[in-house]
Amino acid sequence: MEDKPWREMGLTDEEYERICSLLGREPNHLELGMFAVMWSEHCSYKNSRPVLRLFPTKAPWVLQGPGENAGVVDIGDGQAVVFKIESHNHPSAIEPFQGAATGVGGIVRDIFAMGARPIALLDSLRFGPLSEPRNRYLFSGVVGGIAWYGNCLGLPTVGGEVYFDPSYSGNPLVNAMCIGLIEHQKLRRGLAAGVGNAVMLVGARTGRDGIHGATFASEELGEASESRRPAVQVGDPFREKLLVEACLALIEEDLLVGMQDLGAAGLTSAGSEMASRAGTGMELDVARVPRREEGMTPYEVMLSESQERMLVVPRRGCEERVREILERWDLEATVIGRVTADGSFRILEADKVVAEVPVRALTSDCPVYKRERRRPDYLEALQQYDLSALPEPGDYNRVLLDLLGSPNIASKEWVYRQYDFMVRTDTVVGPGSDAAVLRIKGAKKGLALTTDGNGRYCYLDPEMGGAIAVAEAARNLSCCGARPLAITNCLNFGNPEKPEVAWQFYHVVLGMSRACEALETPVTGGNVSFYNETGGKAIYPTPVVGMVGLLSDVSRRCTQGFRQEGDVIVLLGETLDEIGGSEYLAVVHGLVAGRPPRLDLDKEKRVQQVVRAAIQQGLVEAAHDCAEGGLAVALAEMALSGNLGARVDLSGDLPPSRFLFSESQSRVLLAARPEKAGEVLALAKAAGVAATGIGFCGGDRVVISHRGTGLIDLALEEMAAKWRGSLPNCLG
Amino acid sequence: MQFGVIVFPGSNCDHDVYHAVGAVLGQPVEYIWHAEKSLRGFDCIILPGGFSYGDYLRAGAIARFANIMPAVVDFARRGGLVLGICNGFQILLEAGLLPGAMRKNDCLQFRCQDVYLKVENNHLPFTLKFKGGEVIRLPIAHGEGNYFADPATLAELEENGQVVFRYCTPAGEVTAAANPNGSVANIAGIVNREGNVLGLMPHPERAAEEILGNTDGLKLLASIVEWWEGGGRYGG
């Protein structure tokens, strides 16, 4: 081990050999460190790249696909939306508050690195059950960290999700998404172009924090992970706020050739990636990097993941103006190097060369692994599980209350009341509906935003689960009246060197790709997070889809709460015998088994078209998709959100547990004024979508019967106590 | 009527209040950089919400030393209208323009939600469009909004009608359950003795447009304009 230092840094013997052959010599310690971080899975995607090629990435409205700091889609009128989601799972498992906070900080820098003004955040979170103290600690810490960083930045956290399952105990998922707004001509890329141009480091000083964070993110969590705490960065949201304003001022004055944030792998990654994109080289002098601590070695400077820093390449002659603007915001800007022509990434310490490697060797020559794939053994038994043998519950009221109190379904107000979701005064639909909606000041249009991903479905059928993640995200947007435009994704998986995990990964991506294709929502980027394992056990395969949609008229937005007595409730789509992987199965029978619901992409597309058309034509008062907990829970959520009851009668020949709690896809509940219900039904019929009037809004109870026989009859108050009280009660 | 919005490093509601005063209310408004030293030409100064200087040390504790603050104190002493919202309120307390102090919310967490407020004093330039005792709804978003004043100061505030807004139920009852942060006497906003410096934790600028679902906050901003246009002047 002692004479093989690369192993300590996470490189294999073969990878080391390859580095030697690329350099024509053995690398020195610094060069080895640079290769180790750049060739980590986190930076190189060496295990995922071949599979990610399955994703469709193009559409006329996609201005920037994968490969940049963030994706960009056109929203008309010369405006564009910049967005990306990224994981910060490993740091959050060790130090939840700072881990989550710096996750937010990192994704925000990706957005303004493109020149865009960040306008909103979403967070998709997964934890183990709250019955365990460690999970409560992680959950409160993560939420607190997101609140601390996002609130201070003045960015509204407008949505996201939280799910709990034993599979995430010890390895929580923290995926942060940021959305920015920009005028097309201000778009910037992370380019180190123009030989001889200065390279400037702006923002915070460089310290010893986060060294080898990217490597840490690319290994399994174990008992030794606690000692990785120094690899977790510490955030300073105040400084980030200054950095946002200063960098946007640089864009406003058109002073830059390129800009890139310093995230994973710090200067090593930012410098080499900027040069790589531009096809240039770069020379950096670590002696000129402003330090927070004394005695730092070149190795520490080049690998530090200190937060709130950006690398910029100013236009020739603009260096002084860049410095002035940064100074106005009490920040430093220092020329630390220059763009070169020789394709080499040369690191100096004053006048001594301490490292010199080809840029492309770091960014592009990393080996790519096509991992062996094997269908996991667990699938056969779980998918064949005989769910029809399970007994019907005796008391459906009890079941609905238990589901409403399940932390996966319960109101997430405990979480979002800690986030400032209103700052910037653009949030017109905040957390707690299917998707968040932002208005755009001075325009008629609006943006709809959501995240989605059901790990349980993906565990039981990766391909179907992957497709459903995309379909449900799109359905959420459609339920607001928005046209889905594109996605970003965070792919959270176990160790890809295990054939079963590689198989899950491949099939999830395949399913997602098919859904993206069918629903015309290409992938514009994202992030892969492997090695989410503790004690050798992987999390559920968990893709998180972050989706952006456009409302042509934001005044026509729709929400999920019932609005008026007498409105007709219409169910679009059909309920089938599909309780596999459902929340009902988990809560009532303690089971994660069966096949997840089937998704017919053609049907899905038509259902969503009907929903959007009905909303745009002003026919609909409320809309909500049927997801976890099925129709009964969706109905209860609409009633609770609108503080107005409902009375519905269902038909069909399924057992009650099925038509109440089955999670069949492509179903949406709509509420319409009685005089407009006919038009809604006609729209559906024309599109070949099943639509049934099932009841009416009114009163202060939710009453569900089957062909006149009562099944559920609950007061709103009683349901609200369960739904709203669950998370606060779990957390004491 | 010329409004000025002070921008401290870390202010983050400066754009919002600028939008509410300028685009919604249609009044001239300018940003004032914290390093400036003069407030000449302004008729009303707004200290916006946010996290000035990161709220490090204590909310508002560093901002009170900003270059612009002596001018704000002078402007207020000469009778100019000063409105501090959220972090702006905290800064006014730290600067001694309003009495009392702010502690962390009693729940020890940040709180973002709508609250109901009872308008206790509608005879001010900031509140004349409200009815006395009117119940309004405004959003709050803060981690340190737990107002405190010692009993003597509190008695003085009450006696002089300086308590302007109190957290209440939708029906207007001032109860412990309606208090989102533990503030003494459910205080959400106070005014100085002279009536020209108002500080409040809720955000009127977030409730200033139909599309945001609430225009109660616009009434507060519009009161200022109405008072001014009606010839209202303080000091000079």
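Here is what the cut-offs are and how they apply
- Residues numbered from 1 in each chain as written.
- Chains lettered and ligands numbered in written order.
- Predicted model: local features only at pLDDT ≥ 70, side-chain atom pairs only at ≥ 80, totals over all residues.
- Heavy atoms only, no water.
- Helix = DSSP H or I, 4+ residues; strand = E, 2+ residues; numbered from the N terminus.
- Buried < 20%, exposed > 50% of the residue type's maximum accessible area, 1.4 Å probe, protein only.
- Contact = heavy atoms within 4.5 Å.
- Areas by Shrake-Rupley, 256 points an atom, 1.4 Å probe, with all protein chains shown as cover.
- Lys, Arg positive; Asp, Glu negative; His and termini not counted.
- Charge placed at Lys NZ, Arg CZ, Asp CG, Glu CD.
- Rg over C-alpha atoms; globule rule 2.2 N^0.38 Å.
- Pairing = 2+ DSSP bridges.
- Axes fitted to C-alpha atoms, helices over the stretch in contact; angles between N-to-C directions.
- Buried area = accessible area lost by both parts, 1.4 Å probe.
- Salt bridge = Lys/Arg side-chain N within 4 Å of Asp/Glu carboxyl O.
- Nonpolar A, V, L, I, M, F, W, Y, C, P; charged D, E, K, R; others polar.
- Parallel < 35°, antiparallel > 145°, perpendicular 65-115°, else oblique.
- Polar contact = N/O pair within 3.5 Å; in protein donor to acceptor, adjacent residues only side chain to side chain.
- Domains from an automatic or database assignment.
- Expected span 1.5 Å × (residues − 1).
- pLDDT = per-residue confidence, 0-100.
- Left-handed = near helix turned anticlockwise from the far one by under 90°.

J.: Account for the overall build of chain B, naming residues and giving values.
T.: Assigned secondary structure in chain B consists of five helices and eleven strands. Dimensions along the principal axes, computed over C-alpha positions, put chain B at roughly 45 × 40 × 35 Å. The burial tally for chain B puts 64% of its 236 residues in the buried class. Across chain B, every contact between residues at least 6 apart in sequence was considered, and the portion connecting residues at least 24 apart equals 76%. Only carbon and sulfur atoms are counted for the fraction: they give 50% of the accessible area of chain B, which is about 8,600 Å². When the 18 positive and 25 negative side-chain charges of chain B are each reduced to one mean point, those points stand 3 Å apart.

J.: Which residues make up the overall build of chain A, and what values go with them?
T.: When you go through chain A residue by residue, the secondary structure sums to 26 helices and 28 strands. Against the compact-globule benchmark of 27 Å for 732 residues, chain A has a radius of gyration of 26 Å, which places it among compact chains. Summarising its shape, the C-alpha atoms of chain A cover approximately 85 × 55 × 45 Å along the three principal directions. Sequence-distant contacts, at least 24 apart, represent 85% of the contacts inside chain A between residues at least 6 apart. Of the accessible surface of chain A, which amounts to about 23,600 Å², a share of 48% is contributed by carbon and sulfur atoms. Positive and negative charge centroids in chain A, built from 75 and 95 side chains respectively, lie 4 Å apart.

J.: Can you lay out the sheet that holds strand 7 (residues 198-203) of chain A for me, pointing to particular residues and giving the numbers?
T.: All names here are of chain A. If you trace the seven strands from one edge of the open sheet to the other, you get 8-10-7-11-9-12-13, paired in mixed fashion. The open sheet has two edge strands with one neighbour each: strand 8 (256-261) and strand 13 (352-358). Pairwise comparison of adjacent strand axes, ignoring direction, gives a mean angle of 25° for this sheet. Relative to strand 10 (residues 309-314), strand 8 is paired through five bridges, and the arrangement is antiparallel. Looking at the pairing, Gly258 lines up with Val313 of strand 10. Taken strand by strand, helix 10 (residues 237-252) contacts strand 7, strand 8 and strand 10, and its axis lies near 155° from that of strand 8.

J.: I'd love a proper account of the sheet that holds strand 4 (residues 81-85) of chain B, names of residues and values included.
T.: Residue and element names in this part refer to chain B. The strand order across the open sheet formed by nine strands is 2-1-3-4-11-10-9-6-7, and the pairing between neighbours is mixed. Two strands close off the open sheet at either side, each with one partner strand: strand 2 (29-33) and strand 7 (135-142). Neighbour-to-neighbour, the strand axes of the sheet open up by a mean angle of 25°, direction not taken into account. Alignment of strand 10 (residues 187-191) against strand 11 (residues 197-200), held across three bridges, turns out to be antiparallel. Across the sheet, residue Gly189 finds its bridge partner in strand 11, namely Leu200.

J.: Residue-level account of the interface of chain B and chain A, with values.
T.: Interface size is commonly expressed as the accessible surface area that is lost when the partners come together. Taken together, the contact between chain B and chain A spans 27 residues of the former and 30 residues of the latter. Summing both partners gives a buried area of about 2,400 Å² for chain B against chain A, and 61% of it is carried by carbon and sulfur. Run the count over chain B and chain A and you get two salt bridges. Put simply, Asp420 of chain A and Arg206 of chain B hold a salt bridge, and the shortest N to O gap is 2.8 Å. Those elements giving two or more residues to the side of chain B that touches chain A turn out to be helix 1 (14-24), strand 6 (111-119) and strand 7 of chain B. Looking at the side of chain B that touches chain A, the element that brings in the most residues is strand 6 of chain B, giving four residues. Taken together, the residues that form the side of chain B that touches chain A break down as 13 nonpolar, eight polar and six charged.

J.: Requested: an account of the packing of helix 16 (residues 396-405) of chain A against helix 26 (residues 716-730) of chain A, with residues and values cited.
T.: All names here are of chain A. Packing of helix 16 against helix 26 brings their axes to within 7 Å, and their N-to-C directions diverge by 30°. Judged on the interaxial angle alone, helix 26 and helix 16 are roughly parallel. For the pair formed by helix 16 and helix 26, the contact residues are Arg398, Leu400, Leu401, Asp402, Leu404 and Gly405 on the first element and Glu718, Met719, Lys722, Trp723 and Ser726 on the second. A breakdown of the residues in the contact of helix 16 with helix 26 according to their chemical character gives five nonpolar, two polar and four charged.

J.: So what's going on with the side chain of Thr127 of chain B? Residues and values would help.
T.: All names here are of chain B. Here Thr127 is to be found in the loop between strand 6 and strand 7. Side-chain polar atoms of Thr127 contact the backbone oxygen of Asn121, separated by 2.8 Å. Here Thr127 is in contact with Val119, Asn121, Asn122, Val164, Phe165 and Ser223, once residues within four sequence places are set aside.

J.: Give me the lowdown on the pattern of salt bridges, citing residues and values where you can.
T.: Between side chains of opposite charge, pairing is possible as soon as their charged atoms come close. Going through the model one piece at a time under the given rule, you end up with 62 salt bridges over all chains. A salt bridge links Lys84 of chain A to Asp110 of chain A; the shortest N-O distance between them is 3.9 Å. In this pair, Lys84 of chain A is assigned in strand 3 (residues 79-87) and Asp110 of chain A in helix 7 (residues 96-113), connecting sequence segments 26 residues apart. Judged by relative accessible area, which is 10%, Lys84 of chain A ranks as buried. Glu94 of chain B is the partner of Arg58 of chain B in a salt bridge, and the nearest nitrogen-oxygen pair spans 2.7 Å. In this pair, Arg58 of chain B is assigned in the loop between strand 3 (44-47) and helix 2 (69-77) and Glu94 of chain B in helix 3 (residues 87-94), connecting sequence segments 36 residues apart. Owing to a relative accessible area of 39%, Arg58 of chain B belongs among the partly exposed residues under this scheme. When salt bridges with common partners are traced through the structure, they connect Glu283, Arg338, Asp342, Arg346 and Glu356 of chain A into a single cluster.

J.: Describe the environment of Ala636 of chain A, and please don't skip the residues or the numbers.
T.: All names here are of chain A. The residue Ala636 is located in helix 23 (residues 630-642) in this model. Residue Ala636 is classed as buried on the basis of its relative accessible area, which comes to 0%. Distance in space between the C-alpha atoms of Ala636 and His42 is 41 Å, their sequence separation being 594 residues. Dropping the residues within four chain positions of it, Ala636 is found in contact with Leu404 and Met719.

J.: I'd like a rundown of the domain arrangement of chain A, residues and numbers included.
T.: What the domain assignment reports for chain A is domain 1 (14-44 + 190-366), domain 2 (50-187 + 411-556) and domain 3 (373-403 + 558-732). A separation of 50 Å is found between the C-alpha centroids of domain 1 of chain A and domain 3 of chain A.

J.: Could you give an account of helix 22 (residues 601-616) of chain A, with specific residues and numbers?
T.: All names here are of chain A. Compared with an ideal rise of 1.5 Å per residue, which puts 16 residues at 22 Å, helix 22 spans 22 Å between its outermost C-alpha atoms and is within 8% of the ideal. Where helix 22 is concerned, the buried positions are Leu601, Glu604, Val607, Gln608, Val610, Val611, Arg612, Ala614 and Ile615. Backbone nitrogen of Asp602 and a side-chain oxygen of the N-cap are separated by 3.0 Å at the start of helix 22; the cap is Asp600.

J.: Summarise the confidence of the model for chain B; cite the residues concerned and give the values.
T.: Per-chain confidence: chain B averages 96 in pLDDT, with 98% of residues scoring 70 or above. On the interface metric, ipTM, the complex scores 0.96, and its pTM is 0.96.

J.: Explain the packing of helix 16 of chain A against helix 23 of chain A to me, using residue names and the numbers behind them.
T.: All names here are of chain A. For the pair helix 16 and helix 23, interaxial distance at closest approach is 10 Å and the crossing angle is 70°. Regarding the angle of helix 16 to helix 23, the classification is roughly perpendicular. In terms of crossing hand, the pair formed by helix 16 and helix 23 is right-handed. Between helix 16 and helix 23, the contacting residues are Leu400, Leu403 and Leu404 on the first element and Ala632, Val633 and Ala636 on the second.

J.: Explain helix 10 of chain A to me, and be specific about the residues and the numbers.
T.: Residues and elements named next belong to chain A. Relative to the 22 Å expected for 16 residues at 1.5 Å per residue, helix 10 spans 22 Å between its end C-alpha atoms, a close match to the ideal helical length. Burial runs high along helix 10: 13 of the 16 residues are buried. Following helix 10 by one or two positions, Asp254 has its phi on the positive side, about 55°.

J.: For the pairing of strand 13 of chain A, give the residues involved together with the corresponding values.
T.: Residue and element names in this part refer to chain A. Taken together, the six bridges between strand 12 (residues 344-349) and strand 13 define a ladder with antiparallel strand orientation. Note on strand 13: the bridge partner recorded for Arg346 is Glu356. Remark: two residues form the turn of the hairpin made by strand 12 and strand 13, two consecutive strands paired antiparallel; Ala350 in that turn has positive phi of roughly 55°.

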